[in-house]
Structure formats: C-alpha cells, structure tokens
Amino acid sequence: MIWVQGPAGVPDPAMDSPRLVLKSTPPRAHRMAIARPRLDALWDAVHERAMIEICAPSGFGKSTLMVQWRRRWLERGALVAWLTLDAEDTPNRFAAALAYALRVASGRTSFARVGELAEDAARERDALTAILAEVASLATPTILMLDDAERLPRDTVQDALSYFLINAPANLTVVAGTRVAREFASVQIIAHADHARVDVGDLRLDLDEAVTLLRKRFGKRIELDDCVRLHELTEGWPIGLQLAAAAVERAPHYPSAITALSARHGDIERYFIGSLLDRLPEPVVQFLTRIAILDPLSPPLCEAVTGCACAPAFLDQIMADTPILSVAELQGWMRLHTLARDFLLGRFEQLPVQERMELHRRAAAWLADHDHLPGASRHAIMAGDVDSAKAYAGRSLWVLGTTGNLAEALHWLDQFPLETLEPELRLIGAWIMAFSERVERARPIAAAALSDPASPSKVAFVAALVASAIEASCDRIGTVAPIMARWPECPADLDDPVHGLAYANTRAAIDFHNGVTQTARALAAPAPTATSNRTLMLVQAFGRMFASMAFLREADPQRVESLLHPALVHAERTLGRRSAVAGIYAACLAAALVERNEIARAEAMLANRMDVIERFTFPDPILLASRALARLAVAQGDLQRARFVLDNLTALGAARGIPRFTLASLAMRVALYAQEGHAQTAATLMASLEALEGAFDAPEFQPFQTEYRLQRSIARAYVALARYDTAHAEAELGEAAAMAASGNRTRDALTVQVLQAVAARQRKADRAPARLAEALAVAAMHGCLRVAEDTHPAAVTLRDEAAPPARPAPATAPRLRKEVAAAGGLLTPKEAEVLQLLAAGHSNKLIARTMDVSDETVKWHLKNLFSKLSAGTRRHAVDRARMMGLLEGRDVLAS
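Q: Sorry if this is basic, but what is going on with the overall build of the chain here?
A: Broken down by element type, the chain carries 47 helices and nine strands. Taken along the three principal axes of its C-alpha coordinates, the chain extends 100 × 80 × 50 Å. Each of the 895 residues in the chain was classed as buried or not, and the buried ones make up 54%. Sequence-distant contacts in the chain: of pairs separated by 6 or more residues, those separated by 24 or more amount to 69%. Of the roughly 38500 Å² that the chain leaves accessible, carbon and sulfur atoms contribute 54%. Here the chain contributes 99 positively and 104 negatively charged side chains, and the mean placements of these two sets differ by 5 Å.

So, in structure tokens, the structure goes:
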C-alpha cells in the first residue's frame, strides 16, 4: 500500500492501487482525431527537449495531442509514462504516483521500492532522487506525460516538480498539459534552450485540418463551402468544431443548419453553461454578459462601458481560464469567440431595455472619443441616437471604404442615402459604390462633380478617380483614359496617399489592358504589417491584383504566390476571410495555384468566397476566380460543374453588360467540347463567339480587341483539331502565336505551342514530341505544371508516350498478415512477438511452434508480459497492451 498524509498529518490510505491505475492510464484516443502533419513537424523539432509545455484552455485538444505524441515516442522505442494530476497531489503523493507510472511504463519493480520512500512526507525529496536515478539507469529515452498539470498544487510545482526537472537525467523528457500557464520550467532549462511551449496558436485547427476532420465525420455528404463556413464560425477551436458538427449532423439540409447555427440552445449552449457560467465567479459572468456587445474590445473600453474598475483583471482571468477570448490584430485589443459571443448576447438580451441602451450609449461615446467611428455609429443606433449615428457613419465612410469594409459601408449608405450627405461625403459614397453591384447609382454623382467648372482642382481629380473606378468596375476600360486625360502625371499636392495609389492603379489598368505590363508589375508592393496604414488596404489590394495579373500573363505563378500569400494572411486576420480585400487576393492566388497544379489548395482558396468576389470586386478577379473554378472542376473530372461555373459567368456577363465574361465562358466551353471530340457542339458555340466581335468594336471595350482575337484564334484551332482539319488549325495557331508574342502573353503562348504539337501529331510529324517537350520544359521552368492537362488530352497522351518507362519496383519479402504497431522500450522483441501471437488467439503450443522455441520459453515470456502489463490473464494482457498503445494490429501485404 502507498500512503499519503491525511488532513491531521497521519497516514491515510487514500492513494490505493486502483486510484494509481486510473491516474497512470492514458485516455482513449478520440475516434475523430486526425493526423496533423503540422503538429507532427512540431514534434520532430521539440521531442528531445527536457521540458515540453502544452498550454491552452479547455477544448483545444491538449490531451488528444499528448496521446498522439505518446504514440510517436513509443514508435521510436521510448518508455512513456502517463500521469493524470489533481489537486490532491501533494509532494510526497506526487512522488509516489511518479514511481507507479514509471513502473507501469518500464516494467521494473525497482520503482515500486522507490515509491515506498514517498510514504514518509519528510523523505519526498529522497524518493524523487531515487526515481531520477532509476530513470538514468534505464539508459533509454523516457517520457513522462503529466496531464491536467494546472491542477497540481503550488507547493508541489515549486518544490517537487521543480526539483525533479532541474535534476532530470539526459534521457528524460517531461511533457505537461495545462489549461493555464504555470512556471514549470526552471531558469536553467530555459537558458539552455531545453524548454518548448505549445500554445493555442499551434493547437487551433487550420482550414485544411478542419476540412479533414469534417470529411472524416461526414464523408462526401458535406460540401467544401460548408466545411469552410464551419471553420470560420468556430475559428479553429477543436471542441467548438465538434459541437457545431454534432448540431449540424442531425439536420436534413446542412447549409441551412450552418446558417441557423447558434450557441443559444442545444449542446453548444450546454457546453458554455458548463465551462463558463458554472466555473467563473458570478461577477465575471455578469461582466462578460455586458461586454458581449463589444467587437473588438479593450480593457479601457470595457471599463468605460461596465463601470467596473476590475475590467483588466477580469479580462486577464477570462483569457487565462477560458478559450473564448483571443488577441485581436491591433495591439491592446481582444475579441470574443464568435460562438461564445452569440451565447453571451442571448444573456445580454435578457437585461432590462434601459440598461442595454445605456451600455450601448457608453460604448458609442467612448469609441467616438477615440476615433473608432464605425463602432460608434453601430452602438449609437442601438442606443436610439440616430443623429449621432448618422454623424459617426458619415465620418467613418472613408475609413470603411479604404480599409475594404465595403459591406458595412454600403449598409450605412442604405441607412443614409447619398442625396442626404454633404457633397464631399457623396463623392466618397460614390467611390464605395463603384466596387459593388450599385455602381450605376454612383455614376451621376461622379459625373456631376467632374463636370462642374466650380469644382476645385483637388475635388475634380478625386472625382476623376471615382469616375474611372466606376468605368473600370463595368469593364469599360476604353473610357478611363479620356477621363484621366487632364492628369497625365499624378498631382504633387495630394492630401491623402490613397489618391496617389489610386492614380497608379488607374494607369496600370489602362496600360495592362493595352498590352503593357511594366506599370502593373511595378505595383508589387511588399506585404503590409500590423502597423501599416490601414486606409491603404483596399487600394494596395488592387495594385497587387494588377501586378499578379501581369505575372500570370507572363506565366510566373510563383511570383504571384510569394507576393500575395503574406498579404492574404494579413487581410484575413485583420478584415476577415470574406472581406473584399481577402477576396481579391484569393482570386489571384487560386489562379496561380491551379497553374502550379495545387488543386486542393486552389479549391480551398475559393471556398465560401465566390459570392463576395462577385459582389465587391472588379471584373478581373471575377474572371480569374471563375476560370480557376472551371479548371478545378475539369481537373477533378466534374465536367458538369465546370459547365455550371461557365454558364454562371455567361449570365453574369449578360446581367452586367460585360462581354469579356461571355468571351471567357464561350472560349472555355469551345475548348472543353473540342477536347472531348464533340466537333459539332464546339462549332455551334464558336458561332456565338464569332458574333461577339461587334461588342469589342465599341469604344469602351476596344482595349480588349487583342484578347478577343487571340481567344478566337485559339478557339478556331480547337474546332479545327476536333474536325481533324490540321491545316486550318495550324494557320489559326500561327496567328495566335504572333498575337501572344506581341502582347508579352507568355502563358497564352504556351497553350498555343502545346496545340501546335497536337496538330503536328495529327499529321504524324516526327517533330511533334520534341515540340511538346520544349513547350512543357519552358512551362515547368516558369512553374506552370498543368499546361498539357489544361490544353488537350492528346498532349497528355503524347507526353506520356514520350516518357521513359518506369522502373519496376524492387521485389519485397512477404510479410506477416499482422504486426505489432509499437512496443516501445517496455517489451523485448521476443515478448512483442509473443504478444502479437497472443492477440491472434494462438495457444502456447502454437506460439512455440511458430517461434521455434520450447513451451517453457513461451511460459517465461508470458510471465514477463503479465508482470510488465500488470495483467492477470491472457485476455487481460492483450487488452492492457491495446490500451497502452503497445498493440495495434493492421493489415499488411500478404505473401
């Protein structure tokens, strides 16, 4: 029996063997746990440290990660001891539990003798010293995993655990899972870089991991868009995602269920009641309820709204003890988790009306005093102060528009129409509407300011920029140059850098669509940082968009990714995944990722974003995203979905009067039908494409004439190849090659070269394989890895025929049907083999014959197995081995 000190200082047999068995038994691996390569890579980096601290609030999967990492250590042959801690683990009880856990992990009875020292509280340090000596004598990597370490008493941490860590031998690693930060690691350990910390940022599920988990649960029943929406709603919080998935799983229609998902009822509500209301002090719960209206929030703001001087201390406690508060992008600001905020708003709405209005009034006043005008206007409306809300909204339009918060800006323009605003604000409102479906409402306002002879020069210049944005939004690039003719150079006396960048973007748009890419390439600004001027976010996004379009035209998708990925991360963190700025970057990045044959990443990039891209951006991102979606569908063999995407693009072009959308849709559909050999259908679509020529003769669309003629020649070549009219195809491809070369259209030139190789193959020319190989080599050098697949099936066939034959795989020796997954360092190889055969139900005699040993040897191994596994029967030994992760049968190649 192992004893601990009772309340009166007398031995108390509370720490009996069953209790120790439970404390030293690792939890069952969650059935929905997924492999997380990102955390596997983190284990590779830190697994040899003396101390690894896994610190995160409830629900972030600390124990799950510890179970998975335990498995990895076992696979490396390490001894792994598990110990679940609690508030009753005094120093001597802690030492006794350590000894027991290490005895279970190692099978060495010497740890049991060491544990007897812990019966005497005065000899707790002697017991720890003896444990450390025993670990050192193992001469095997030994891992001690301490779960629920936040429950360990302070004196145990400062005395017993600190001593244990400071004196740990080189073969010992301690892993502590804790909900709150504790000073586990000593100064010496940290100074020697022997300490690693895994925190919330590491444990939060990224989008790929969330999709993997949801697909594991739902299979093909859930669409990628729905997975993305659930990930955004739960913000990568593992338990939140599981609760949301459980709520949605019972619904007949997942998209509707996700839209209606709420934390105010069901399992999610019960979770928050159990983890928040029942665990936090009542004053903190009341404080949380009243700050639920704030998004984001800061300690001074919370103090001003609640009148509570303890606001900073309460926020620190909530941040430390719960998963519902996270650091926002701006320094000193925080955000409530979306689901937690929804739950708390349900409680806020139960407060008296007058109290609610007063809280909103205080929030509006503080935010207005500190120039956070968008938030001030929202709270003023809720407080019933319409006049103040209108004043704040008018002053916030510029900030909302320039930062890319277009949805909120348009919301306020609906509340207070342009005609009711002051002249300067009307022009800002028109500029915001230029990036939306309400563009036609903005045109007369910009035209009036531009044509008014009384307008000051600065106002006229801004009006010209707004008018140019309106025309560009309608794809009427031909009218932009005449509007800007009065300003061949950017004025030097601008009041705001936004205007200077907007002018550069306007010039880049004119030049790019007239075949000159240098101006656009110059807009490849470095990624913004947290301290960057936020009012430049939208205008910089358009600049990077033009630069990316230039790189894509020149067949350089790698430059696009290096330029836009950091910017996208910043935009998503600052404005949200479904912001207009993030949508612009995502459209360009998706196009680049398709070129690089990163199909899954490209699909995830556009998931749950297309509606934002279509509503709040220029025609170019819409074209890039639609083409990428269609190419993704083709790559996945879903031609029906590809045609749906292209039909939607045609409908959008007709609704908005943008013939370039119709051109792109028709050109791609001609290519798809021609590639399938449907020459007649392709020819019918070709007639519609030919009929578009007159549209591009209009002055506003003349800059796109070269693009139209190039796409027409390529489409004609596709139809000719489908009809096996090789001469006609080669003539059209010759014209297309000349146009691509003159406009620096390297990507189009690669398509033409591949089609020329296909045409050469049709007429059985000897040079066909060499021409294709040259084109694909150039494409690969530029990072375009899908040129053959995207261009023509015949190109893929020709490439594969010319490829050298694959070497046959080396013969492998036949292996057993089942094998032991990992025995760690606990079992010898012979014991592991006996365990394997035992799990297969073999008798002692059959085990002996299989291993070619005597019956007595088998009995000896079984005796050792029973001792090391603390088992009493054969079945018990197998069950214990599976529970400890030592036995996990899996099918392998049979002879």
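So, next bit.
Q: Would you explain the pattern of salt bridges in this entry?
A: Any two side chains of opposite charge can pair, on the condition that their charged atoms come close. Applying the stated rule across the entire model yields 61 salt bridges. Note that Arg 71 and Glu 75 form a salt bridge whose closest N and O atoms lie 3.7 Å from each other. Of the two residues, Arg 71 and Glu 75 are both situated in helix 3 (residues 62–75); the distance of four residues between them amounts to about one turn of the helix. Classification of Arg 71 as buried rests on a relative accessible area of 16%. Here Arg 229 and Asp 226 are joined by a salt bridge, their closest N and O atoms 3.6 Å apart. Placement of the pair is Arg 229 and Asp 226 together in helix 11 (residues 224–234), with a separation of three residues, close to one helical turn. The exposure class of Arg 229 is partly exposed, given its relative accessible area of 22%. In the salt-bridge network here, residues are joined through shared partners; they are Arg 19, Lys 23, Asp 86, Glu 88, Asp 89 and Arg 93.

Q: Hey, could you run me through the sheet that holds strand 6 (residues 172–178) in this one?
A: Strands pair in a sheet through their backbones, by hydrogen bonds, and they do so in one of two ways: parallel or antiparallel. The sheet built from five strands is open, its strands ordered 4-5-6-3-7 with parallel pairing. Each of the sheet's edge strands pairs with one partner strand only, and the pair in question is strand 4 (79–84) and strand 7 (195–198). Neighbour-to-neighbour, the strand axes of the sheet open up by a mean angle of 15°, direction not taken into account. The pairing of strand 5 (residues 142–147) with strand 6 spans five bridges and is parallel. What sits directly across from Met 145, in strand 6, is Val 175.

Q: Help me out: how do you make sense of the packing of helix 10 (residues 207–218) against helix 11 in this one?
A: Think of two packed helices as two axes; the pair is described by the angle between the axes and how far apart they sit. Close contact between helix 10 and helix 11 brings their axes to 9 Å; oriented N to C, the two are set at 120°. The two elements helix 10 and helix 11 cross, and the hand of that crossing is right-handed. For the pair helix 10 and helix 11, the contacting residues are Leu 207, Ala 210, Val 211, Leu 214 and Arg 215 in the first and Leu 224, Cys 227, Val 228, Leu 230 and His 231 in the second. Looking at side-chain class alone, the contact of helix 10 with helix 11 contains eight nonpolar, one polar and one charged residues.

Q: How should helix 45 (residues 844–851) be read in this particular structure?
A: One turn of an α-helix holds 3.6 residues; hence residues three or four places apart share an orientation. Considered for burial, the residues of helix 45 that qualify are Ile 847, Ala 848 and Met 851. One face of helix 45 carries all of its buried residues, which in axial projection span an arc of 100°. Exposed residues lying more than 90 degrees from the buried face of helix 45 are Lys 845 and Arg 849. In this structure, the buried side of helix 45 is in contact with helix 44 (829–839), helix 46 (855–869) and helix 47 (874–883).

Q: I would appreciate a short explanation of the pairing of strand 5 in the present structure.
A: Successive residues of a regular strand alternate their side chains across the two faces of the sheet. Where burial is concerned, most of strand 5 is hidden: six out of the six residues are buried. Sheet topology places strand 4 next to strand 5; six bridges connect them, and they run parallel. In the sheet register, Thr 84 faces strand 5, and the bridge partner there is Asp 147.

Q: Just checking my understanding: could you explain the packing of aromatic side chains for this structure?
A: The geometry of an aromatic ring pair comes down to the distance between the two centres and the angle between the two planes. Under the definition given, this model contains 18 aromatic pairs. Ring geometry for Phe 218 against Tyr 254: centres 5.1 Å apart, planes inclined by 75°, an arrangement best described as edge-to-face. With a gap of 36 residues between them, Phe 218 in helix 10 and Tyr 254 in helix 13 (residues 254–259) connect regions that are remote in the sequence. Each ring, one from Trp 237 and one from Phe 272, has its centre 5.9 Å from the other, and the planes form 40°; the classification is tilted.

Q: Honestly, helix 16 (residues 299–306) in this entry has me stumped. Any pointers?
A: Buried within helix 16 are the following residues: Leu 301, Cys 302 and Val 305. For helix 16, the buried positions fall inside an angular range of 100° around the axis, keeping them on one side. Turning to helix 16, the residues buried within the fold contact helix 15 (282–291), helix 17 (311–321) and helix 19 (353–369). Just downstream of helix 16, Gly 307 is the residue with a positive phi angle, here 70°.

Q: What's the story with the environment of His 499 in this structure? I'm lost.
A: Mapped onto the fold, His 499 is located in helix 27 (residues 497–512). His 499 gets classed as buried once you look at its relative accessible area, which sits at 16%. Along the chain, His 499 and Leu 536 lie 37 residues apart, while their C-alpha atoms are 9.6 Å from each other. Discounting residues that sit within four places of it in the chain, His 499 has contacts with Trp 398, Phe 461, Val 462, Leu 465 and Leu 494.

Q: Hey, could you run me through the packing of helix 23 (residues 423–433) against helix 24 (residues 439–451) in this one?
A: It is the contact of helix 23 with helix 24, at a shortest axis distance of 8 Å, that shows an interaxial angle of 140°. As summarised for this structure, helix 23 and helix 24 are arranged oblique, according to the angle between their axes. Considering the relative orientation of helix 23 and helix 24, their crossing is left-handed. Between helix 23 and helix 24, the residues in contact are Arg 426, Leu 427, Ala 430 and Met 433 and Val 439, Arg 441, Ala 442, Ile 445, Ala 446 and Ala 449, respectively.

Q: What exactly am I supposed to notice about the confidence of the model for the chain here?
A: Parts of the model with low pLDDT should not have their predicted coordinates read in detail. Chain-level statistics for the chain give a pLDDT mean of 87 and a share of 92% at 70 or above. Scored below 50 in pLDDT, residues 1–15 shows 31 contacts in the model against residues more than four places distant or in partner chains. This stretch, residues 889–895, has a pLDDT under 50; its non-local contacts, to residues over four places away or in other chains, come to 20 contacts.

Q: Please explain a nonpolar patch on the surface as it appears in this structure.
A: A surface patch of nonpolar side chains, about 250 Å² in accessible area, is lined by Ile 381, Met 382 and Val 386. Structurally, the position occupied by Ile 381 is in helix 20 (residues 373–382).

Q: What is the right way to read unusual backbone geometry from this model?
A: Keep in mind that most residues, glycine aside, have a negative phi and that most peptide bonds are trans. A cis amide bond links Asp 295 with the next residue in sequence, Pro 296, at an omega value of 0°. As for its position among the elements, Pro 296 is in the loop between helix 15 and helix 16. One non-glycine residue, Glu 235, lies in the positive phi region at around 55°. By relative accessible area, Glu 235 is classed as buried at 17%. Positive phi values are uncommon outside glycine, yet Ala 555 reaches one of about 60°. Tracing the chain through its elements places Ala 555 in the loop between helix 29 (537–553) and helix 30 (557–575).

Q: Where do I start with the environment of Val 386 in this structure?
A: Among the secondary structure elements, Val 386 is positioned in helix 21 (residues 386–403). Judged by its relative accessible area of 46%, Val 386 is partly exposed. Taking the C-alpha atoms as reference, Val 386 lies 40 Å from Ala 625; in sequence the two are 239 residues apart.

Reading the values: the criteria
- Residues numbered from 1 in each chain as written.
- Predicted model: local features only at pLDDT ≥ 70, side-chain atom pairs only at ≥ 80, totals over all residues.
- Heavy atoms only, no water.
- Helix = DSSP H or I, 4+ residues; strand = E, 2+ residues; numbered from the N terminus.
- Buried < 20%, exposed > 50% of the residue type's maximum accessible area, 1.4 Å probe, protein only.
- Contact = heavy atoms within 4.5 Å.
- Areas by Shrake-Rupley, 256 points an atom, 1.4 Å probe, with all protein chains shown as cover.
- Lys, Arg positive; Asp, Glu negative; His and termini not counted.
- Charge placed at Lys NZ, Arg CZ, Asp CG, Glu CD.
- Salt bridge = Lys/Arg side-chain N within 4 Å of Asp/Glu carboxyl O.
- Pairing = 2+ DSSP bridges.
- Axes fitted to C-alpha atoms, helices over the stretch in contact; angles between N-to-C directions.
- Left-handed = near helix turned anticlockwise from the far one by under 90°.
- Nonpolar A, V, L, I, M, F, W, Y, C, P; charged D, E, K, R; others polar.
- Arc of directions from axis to C-beta.
- Phe/Tyr/Trp six-rings, centres within 6.5 Å; stacked < 30°, edge-to-face > 60°.
- Parallel < 35°, antiparallel > 145°, perpendicular 65-115°, else oblique.
- pLDDT = per-residue confidence, 0-100.
- Patch = residues over 30% accessible without salt bridge, like charges linked within 9 Å, V, L, I, M, F, W, Y side chains within 5 Å.

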